[in-house]
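Coordinate inspection notes
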Amino acid sequence: MILCIVQNVVKLKKLKVNMKRIGILLGSFDPPHIGHINMAIQALNKELVDHVVFVPTKQNPWKENSTDLFTRCTMVMSSIKEIDKCSISFIESDLKEPYYASNTLRALQKEYNDCELYLIVGADTSLNIIYWHEGEWILNNFKFITVSRPNYITNCDIKQTLDVSSTMIRELAQQEKILFPLVTKDVEKLIKLNKLYK
């Protein structure tokens, strides 16, 4: 855990020096899975961004009984620790209610004030942002990298070919099924050790 935090700090220091195009991946990550990693890797390999920052949300207004933020952050850190161009932001841990995406994004703008920020979002999500709190402000102040769903034909920047979701992982965990490689070995161990999703 401590090593993961140190590695993440080093990544962020390098990131601020280079002042790059930053991909922002907001989510509950409950738990983080191979689909999340695939989106980040594709954005990097296609050179749409230079670095991807995973931002675990403190509380999703549409989801109840989420795993605590610390545990979810630990799972994210363990998932991306070997990926040089990915890091995690703990920015929501310092924010106060209400936990609107717009508040988080304003904080990220201040954090990365010399960087160009891109939101990595699903194609369906991108169509609904206008209905979010301050959705128009979000659309006017950020660039977007859209991700298609598996078996869904659409004109997106990234084609997601992996049909996996956090809901699926939670259900498999509840049934005590094998989770790797849908999640990393470390995440699988954390889920079992903490008896998550039982």
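Rules of the game
- Residues numbered from 1 in each chain as written.
- Predicted model: local features only at pLDDT ≥ 70, side-chain atom pairs only at ≥ 80, totals over all residues.
- Heavy atoms only, no water.
- Helix = DSSP H or I, 4+ residues; strand = E, 2+ residues; numbered from the N terminus.
- Pairing = 2+ DSSP bridges.
- Core = buried A, V, L, I, M, F, W, Y, C linked by side-chain atoms within 4.5 Å.
- Buried < 20%, exposed > 50% of the residue type's maximum accessible area, 1.4 Å probe, protein only.
- Contact = heavy atoms within 4.5 Å.

1. So, unusual backbone geometry
In this structure, the amide linkage connecting Asp-30 to the following residue, Pro-31, adopts the cis form with an omega of 5°. If you trace the backbone, Pro-31 turns up in the loop between β1 (21-27) and α2 (34-45). Omega for the peptide link from Glu-97 to Pro-98 comes to 0°, which places this bond in the cis form. Mapped onto the elements, Pro-98 comes out in the loop between β3 (86-88) and α4 (101-111). Here the phi dihedral of Glu-134 falls at roughly 55°; this positive angle occurs in a residue that is not glycine. Along the chain, Glu-134 turns up in the loop between α5 (123-128) and α6 (135-141).

2. Here we look at the pairing of strand β5 (residues 143-148)
Two elements, strand β4 (residues 116-122) and β5, share 5 bridges in a ladder whose sense is parallel. Its bridge partner lying in β5, Val-121 is registered against Thr-146. Strand direction decides the pairing type here: β5 and strand β6 (residues 158-159), joined by 2 bridges, are parallel. From the neighbouring strand, Val-147 faces β6, where its bridge partner is Ile-158.

3. Some thoughts on the nonpolar core
Of all hydrophobic cores here, the largest spans 23 residues; its most connected members are Leu-25, Val-49, Val-52, Phe-54, Ile-80, Cys-86 and Ile-120. Excluding anything up to four places from it in sequence, Ile-120 contacts Gly-23, Ile-24, Leu-25, Ala-43, Val-52, Ile-145 and Val-147. Core analysis: the next-biggest nonpolar cluster, separate from the first, contains 17 residues, Val-55, Cys-115, Ile-129 and Trp-137 among them.

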